[in-house]
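Close look at the chain arrangement
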Amino acid sequence: MIILHNAAQVITPLTGGGFRIVDRGAIAYDQDLIVFVGSTEEAIASYPSAERIDVSRKVLLPGFVDAHTHLIFAGNRCNEFLMRLRGATYQEIAAAGGGIQSTVKATRDAAPEQLLEAARADLQTMLSFGTTTVEIKSGYGLTFESEMKLLQVAGTLRDTSPQDILITFLGAHDFPREKSREDYVVELMENMLPAVAGEKLADFCDVFCDQGYYSNEQTRTIGRRAAELGLRMKLHVDELADVNGAALAAELNAVSADHLIFANDEGIEKMAESGVCAVLLPGTSFSLRMPRHAPARKMIARGVRVATATDFNPGTCFCHSMQYILQLSTLLYGLTAEEAITAGTLNGAAALGLESRTGSLEPGKQMDCLIFDIPHYGYLFYNLGSNRLETVVKRGKVLWNKKQNLR
Ligand SMILES: [Zn+2]
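Report follows, based on the coordinates. What you see is a predicted model, and the numbers here were worked out from it, not measured in a lab. (Residues numbered from 1 in each chain as written. Predicted model: local features only at pLDDT ≥ 70, side-chain atom pairs only at ≥ 80, totals over all residues. Heavy atoms only, no water.)

Re the environment of Phe372
Considering the arrangement of structural elements, one finds Phe372 in strand S14 (residues 369-372). Considering only alpha carbons, one finds Phe372 and Ala119, 253 residues apart in sequence, at a separation of 25 Å. (Helix = DSSP H or I, 4+ residues; strand = E, 2+ residues; numbered from the N terminus.)

Shown next, in the form of structure tokens:
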């Protein structure tokens, strides 16, 4: 048993609602699980023989949950970013042979070891910003063999990485150039999905349902097939246009609908009724310099659970840092600091079906805890662009420390 005590603040959202701030707080944990969160006096009185670690002048938060990443890919698209700064749009870049397809080509050509090495380095960078749980999507292969290669790399990461990792099959990220759209949907339905489900290569199935990508009918067909095979759905929807994707996510009983920049009111209502989490990606709309951002305030007002994530990918948001995403979610969406922390921790966990295990500092949950060298949690927002994280504890073990860069 270990007690972290004398923290300036222990900060956490609460499962079931609410937000807790404990001044001069403490956390007691046994191996990988939290047994107590509360005042320092009470912790010491309750567990007098526990080992004590003084965390004076530090703020403790739950580990960040990054519920939407495209972590496994080869190459980079730095040049496209520079093109966009000169005024080119996402659609123009795609029409010029860039966009997803350029990453698809590089990723198909890459050996699994090369993908693994790059992904490991990115996971380590994410850890240094406090991300302790990561969702990883496939989707830069778009052939049976290359999608399976990506899922296998993701499986190796899940088995060997310090972070908790969930895997999403996103074979329907785009259409491959060498097949008709109809033939590729058949390939997804008849070959890819059964293999993914049969070999348990993924936890979720995702489809990019948007203008110019998968139609609602194609998405519905794929979603139903995935459900038959026991895979829960996530959806990329309403990012480029209002395609009624939010309502479709509710209809398919998706665990989350992601992006949602153009989601309409009716769809938002349906998400709230069906308990579909929204995963909002402020780094993406910001990085693309879009004139609008997801209507997070409206979603919260209607009772949708809002999570935020990086959307880490080589094209539209090359961002490792959940701290940056939390800051953007306050400045672009108008979230309060407490809402932003909840979105990047507990609601991210809910969007991955992990709410009972992680995402908050509460007894019975994993000891996934961040120790920040700040006097108040407001500094996470007030101190723009900095990284004041000092230590990352995952399942009760120190995984990363600023001074030693431990892992
Ligand atoms: Zn995405």
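There is more to say after this.
Regarding the pairing of strand S5 (residues 59-62)
Burial along S5 is two-sided: the residues Val59 and Leu61 and Leu60 and Pro62 are all buried. Inspection of the sheet shows S5 paired to S14 by four bridges, in the antiparallel sense. By the bridge assignment, Val59 is partnered in S14 with Phe372. (Buried < 20%, exposed > 50% of the residue type's maximum accessible area, 1.4 Å probe, protein only. Pairing = 2+ DSSP bridges.)

Describing helix H4 (residues 100-109)
For H4, the complete set of buried residues consists of Ile100, Gln101, Thr103, Val104 and Thr107. The buried residues of H4 occupy one face: seen down the axis, they fall within an arc of 155°. Away from its buried face, by an angle of more than 90 degrees, H4 presents the exposed residues Lys105 and Asp109. Buried residues belonging to H4 abut helix H3 (90-95), helix H5 (112-128), helix H6 (144-160) and strand S9 (204-209). (Arc of directions from axis to C-beta. Contact = heavy atoms within 4.5 Å.)

Brief notes about the sheet that holds strand S12 (residues 277-280)
Judged by pairing direction, the sheet is parallel, and its eight strands sit side by side in the order S6-S7-S8-S9-S10-S11-S12-S13 without closing on themselves. The sheet is open, and its two borders are formed by strand S6 (64-66) and strand S13 (306-308), each paired with just one other strand. Adjacent strand axes in the sheet meet at a mean angle of 25° when their direction is disregarded. As paired strands, strand S10 (residues 232-237) and strand S11 (residues 256-259) are joined by four bridges and run parallel to one another. Its bridge partner lying in S11, Leu235 is registered against Ala257. Against the sheet, helix H7 (residues 181-198) contacts strand S8 (164-172) and S9, and its axis sits at roughly 155° relative to S8. (Axes fitted to C-alpha atoms, helices over the stretch in contact; angles between N-to-C directions.)

A few points about the packing of H7 against helix H8 (residues 216-228)
Two numbers describe how H7 lies on H8: the axes approach to 10 Å, and their chain directions differ by 15°. Taken as axis vectors, H7 and H8 run roughly parallel relative to one another. Relative to H8, the crossing made by H7 is right-handed. Packed against H7, whose contacting residues are Val185, Leu188, Met189, Leu193 and Pro194, the element H8 presents Gln218, Thr221, Ile222, Arg225 and Ala226 at the interface. A breakdown of the residues in the contact of H7 with H8 according to their chemical character gives seven nonpolar, two polar and one charged. (Parallel < 35°, antiparallel > 145°, perpendicular 65-115°, else oblique. Left-handed = near helix turned anticlockwise from the far one by under 90°. Nonpolar A, V, L, I, M, F, W, Y, C, P; charged D, E, K, R; others polar.)

Let's talk about the coordination of the zinc ion
Looking at the zinc ion, the protein donor atoms are His68 (NE2), His70 (NE2), His236 (NE2) and Asp311 (OD), and they sit 2.0 to 2.5 Å from it. Each of the four donor atoms around the zinc ion contributes to a set of angles spanning 81 to 167°, which defines the coordination as irregular. Positions of the donor residues of the zinc ion, expressed as sequence spacing, correspond to H-x1-H-x165-H-x74-D. Of this pair, His236 sits in strand S10 while Asp311 sits in the loop between S13 and helix H13 (322-333); the two residues are 75 residues apart in sequence, bridging distant segments of the chain. The pair formed by His236 and Asp311 is uniform in burial state, with each residue classed as buried. (Donors = N, O, S within 2.8 Å, 3.2 Å for Na, K, Ca; no water. Tetrahedral: all angles 85-135°; square planar, octahedral: opposite > 155°, others 65-115°.)

Describing the side chain of Glu239
Its place among the elements puts Glu239 in the loop between S10 and helix H9 (245-251). Buried charge without a partner: Glu239 forms no salt bridge, and the closest opposite charge is Arg84, 9.6 Å away. In this structure the side chain of Glu239 is engaged in a polar contact, spanning 3.5 Å, whose partner is the side chain of His259. Other than its neighbours up to four places away in sequence, Glu239 contacts Phe208, Asp210, His259, Ile261, Phe262, Thr284, Leu288 and Met290. (Lys, Arg positive; Asp, Glu negative; His and termini not counted. Salt bridge = Lys/Arg side-chain N within 4 Å of Asp/Glu carboxyl O. Polar contact = N/O pair within 3.5 Å; in protein donor to acceptor, adjacent residues only side chain to side chain.)

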